[in-house]
Amino acid sequence: MVKRAGFLLVGLMCGLQLVFGQQTQAPEWKHGLEFRVRKAGEPDFKKDTRRFGCEIFQDRNTNQWIAISETGWLGALRATAAAGKGGQPPKWLHGLELKCRKAGEADFTKDTQRWGIEVFRDDATNHLVYVCETGALGLVPAAGATASPDPPKPPQWLYGLEVKCRKGGETDFTKDTKRWGIEVFRDENNGNLVYLTEAGAIAVIPGAGISAPSPIKGPRWLHGLDFRVRKADERDFTKETRNVGAEIFKDENTNQLFYITEVGAIAVVPAGGAAGGDTKPPKWLHGLELKCRKAGEADFTKDTKRWGIEVFQDPNTGLLVYISETGSLAVPAK
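Not measured: the values here are computed from a predicted model.

**Student:** Is there a simple way to explain the side chain of glutamine 256 in this structure?
**Tutor:** Its location among the elements puts glutamine 256 in strand β20 (residues 256-261). In this structure, glutamine 256 is in contact with Tyr195, Ile205, Phe249, Lys250, Asp251, Val268, Val269, Pro270 and Ala271, ignoring residues within four places of it in sequence.

Written as structure tokens, this is what we have:
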């Protein structure tokens with residue numbers, strides 16, 4: 001039987017969003033960041049190199065820290081992140097250029113899509129922030145990384161994966177179900193692993209001791225979930241509310257879980273004791289609304305872009321799932 005589960009509301013009463021019977025606390029803004037990100041093939045930073053704004057918030061309902069970029073991509077920070085002083089620009093460490101094959105693309109060729117990624121250190125949270133030219137984010141504890149070799153070392157490709165992800169409401173896998181190509185690299189400058197999807201989404205995890213597997217093992221599908229996500233200013237869940245499909249896999253090569261959504265967004269966390277079985281629907285906990293300024297936008301204003309975010313618990317893994325109205329997601333590690 002195909003395991004696809006919808007979601008449960010845990011507290012809509014009198015129009016208020018509730019968390020375990022208490023009114024939701026608004027997210028606490030910590031600080032903003034701005035990143036310059038070169039496109040693949042762009043050797044140097046120039047005056048017209050794309051800039052991305054990013055904001056860091058604390059969800060006071062769960063004590064998790066969440067990052068959001070101006071294009072609506074999410075990233076998760078360790079809940080134990082020390083609150084340093086914001087206001088300092090991130091420190092650029094090095095850039096990467098990664099290729100990702102589309103699903104069904106057997107080999108890397110001259111036409112394989114390339115993505116530019118920059119790596120920064122945010123001293124306020126003691127995290128490294130990987131930013132793709134799409135605006136997608138990957139965050140990982142800095143673990144003492146303060147500089148990169150000069151010149152930086154090129155990334156090492158480890159292996160590729162291919163997975164299917166159903167759209168929200170799509171009950172079964174079919175021949176028409178969307179497939180996604182994923183590549184896994186090691187950043188030789190610090191040992192981190194970078195998961196990159198053909199959509200230009202990234203997730204980053206510590207990779208100490210992990211090398212190219214032989215033979216490469218295919219991902220093990222665990223379960224699928226549907227998440228309903230309201231837009232900013234969408235007060236209630238209605239029949240028009242977006243339904244985002246996600247699949248959860250175990251990467252047998254690294255013993256990590258990864259969540260991938262129907263738009264190709266990805267989040268990677270340690271697998272722990274997660275296993276397949278009867279799928280339980282995700283439990284909705286609360287909603288958030290996060291603002292993110294564009295690069296160069298000094299202050300928050302009434303015109304600053306806002307994003308609707310829903311927070312769920314996946315009872316099958318015990319993990320929190322933050323998912324944006326864009327279909328991006330972040331899954332904090334335990």
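**Student:** Just to check I follow, could you spell out a nonpolar patch on the surface for this structure?
**Tutor:** On the surface, a nonpolar cluster with roughly 260 Å² of combined accessible area is contributed by Phe108, Trp157 and Ile216. You can see phenylalanine 108 is positioned in the loop between β10 (91-100) and β11 (113-122).

**Student:** Even after reading the chapter, I still don't get the pairing of strand β22 (residues 283-292), so can you show me in this structure?
**Tutor:** Working note: regular strand, side chains alternate between the two faces of the sheet. Taking burial as the measure, the 10 residues of β22 include 7 buried ones, the bulk of the element. Pairing between β22 and strand β23 (residues 305-314): 9 bridges, direction antiparallel. For leucine 290, the partnering residue across the bridge sits in β23 and is tryptophan 307.

**Student:** Where do I start with the sheet that holds strand β6 (residues 28-37) in this structure?
**Tutor:** Through backbone hydrogen bonds, the strands of a sheet pair up, either in parallel or in antiparallel fashion. Spatially, the 4 strands line up as an open sheet ordered β6-β7-β8-β9, and their pairing is antiparallel. The two strands at the open ends of the sheet, each matched to only one other strand, are β6 and β9 (74-77). Each strand of the sheet is rotated relative to its neighbour by a mean of 25 degrees, with strand direction disregarded. One ladder, built from 6 bridges, connects strand β7 (residues 50-59) with strand β8 (residues 64-69); its direction is antiparallel. If you follow phenylalanine 57 over to β8, its bridge partner there is isoleucine 66.

**Student:** What exactly am I supposed to notice about the pattern of salt bridges here?
**Tutor:** Side chains that differ in sign of charge can pair as their charged atoms come close. Applying the stated criterion across every chain yields a total of 20 salt bridges. Between arginine 101 and glutamate 183 there is a salt bridge, and its shortest N-O distance comes to 2.7 Å. Separated by 82 residues along the polypeptide, arginine 101 in the loop between β10 and β11 and glutamate 183 in strand β15 (residues 178-186) bring together distant segments of the chain. For arginine 101, a relative accessible area of 13% translates into the label buried. Here lysine 110 and aspartate 111 are joined by a salt bridge, their closest N and O atoms 3.5 Å apart. An identical accessibility class is assigned to lysine 110 and aspartate 111; each is exposed. A network of salt bridges, in which partner residues are shared, links Asp233, Glu289 and Arg306.

**Student:** Quick question: what am I supposed to make of the sheet that holds β20 here?
**Tutor:** One open sheet holds the 5 strands; their spatial order is β1-β18-β19-β20-β21, and the pairing between them is mixed. The sheet is open, and its two borders are formed by β1 (4-5) and β21 (266-270), each paired with just one other strand. Pairing of strand β19 (residues 242-251) with β20, which is carried by 6 bridges, proceeds in the antiparallel orientation. From the neighbouring strand, phenylalanine 249 faces β20, where its bridge partner is phenylalanine 258.

**Student:** Just to check I follow, could you spell out the pairing of β21 for this structure?
**Tutor:** Extensive coverage of β21 is indicated by the burial of 4 of its 5 residues. Where β20 lies against β21, 5 bridges are found, and the strand directions are antiparallel. The partner of tyrosine 259 across the bridge, within β21, is alanine 267. In this antiparallel pair of consecutive strands, β20 and β21, the connection spans 4 residues, and glycine 264 shows a positive phi of 90 degrees.

**Student:** I would appreciate a short explanation of the state of the cysteines in the present structure.
**Tutor:** Disulfides are covalent bonds that link the sulfur atoms of two cysteine residues. This model, assessed by the stated rule, comprises 0 disulfides. Left unpaired, cysteine 165 is separated from the closest cysteine sulfur, that of cysteine 100, by 15 Å. Between cysteine 292, a free cysteine, and cysteine 54, which holds the nearest cysteine sulfur, the sulfur-to-sulfur gap is 6.1 Å.

**Student:** It is not clear to me how the environment of proline 43 should be interpreted in this structure. Could you clarify?
**Tutor:** If you trace the backbone, proline 43 turns up in the loop between β6 and β7. Considering only alpha carbons, one finds proline 43 and glycine 116, 73 residues apart in sequence, at a separation of 9.9 Å.

**Student:** What's the story with the confidence of the model for the protein in this structure? I'm lost.
**Tutor:** Where the model shows low pLDDT, its predicted coordinates should not be examined in detail. The predicted model of the protein has a mean per-residue pLDDT of 91, with 91% of residues at 70 or higher. Note that pLDDT drops below 50 for residues 11-21; the model gives that stretch 28 contacts with residues more than four away or on any other chain.

**Student:** For this particular structure, what's the right way to read the nonpolar core?
**Tutor:** Ranked by size, the top nonpolar core spans 61 residues in total, and within it Tyr130 and Tyr195 carry the most contacts. Counting 15 residues, the second largest nonpolar core, distinct from the first, contains Leu74, Leu290, Trp307 and Tyr322.

**Student:** Sorry, what's going on with the packing of aromatic side chains here?
**Tutor:** Here the distance between the centres and the angle between the planes together describe a pair of aromatic rings. For the structure shown, the criterion picks out 9 aromatic pairs. Consider the rings of phenylalanine 35 and phenylalanine 120, whose centres lie 4.8 Å apart with planes at 50 degrees: the pair is tilted. Of this pair, phenylalanine 35 sits in strand β6 while phenylalanine 120 sits in strand β11, placing them 85 residues apart in sequence. Residue classification places phenylalanine 120 among the buried positions, given a relative accessible area of 5%. Ring geometry for phenylalanine 227 versus phenylalanine 312: centroids 4.9 Å apart, planes at 65 degrees, classification edge-to-face. Remark: phenylalanine 312 occurs in strand β23 and phenylalanine 227 occurs in strand β18 (residues 220-229); sequence separation between them is 85 residues.

Reading guide: rules and limits
- Residues numbered from 1 in each chain as written.
- Predicted model: local features only at pLDDT ≥ 70, side-chain atom pairs only at ≥ 80, totals over all residues.
- Heavy atoms only, no water.
- Helix = DSSP H or I, 4+ residues; strand = E, 2+ residues; numbered from the N terminus.
- Contact = heavy atoms within 4.5 Å.
- Patch = residues over 30% accessible without salt bridge, like charges linked within 9 Å, V, L, I, M, F, W, Y side chains within 5 Å.
- Areas by Shrake-Rupley, 256 points an atom, 1.4 Å probe, with all protein chains shown as cover.
- Salt bridge = Lys/Arg side-chain N within 4 Å of Asp/Glu carboxyl O.
- Buried < 20%, exposed > 50% of the residue type's maximum accessible area, 1.4 Å probe, protein only.
- Pairing = 2+ DSSP bridges.
- Axes fitted to C-alpha atoms, helices over the stretch in contact; angles between N-to-C directions.
- Disulfide = S-S within 2.5 Å.
- pLDDT = per-residue confidence, 0-100.
- Core = buried A, V, L, I, M, F, W, Y, C linked by side-chain atoms within 4.5 Å.
- Phe/Tyr/Trp six-rings, centres within 6.5 Å; stacked < 30°, edge-to-face > 60°.

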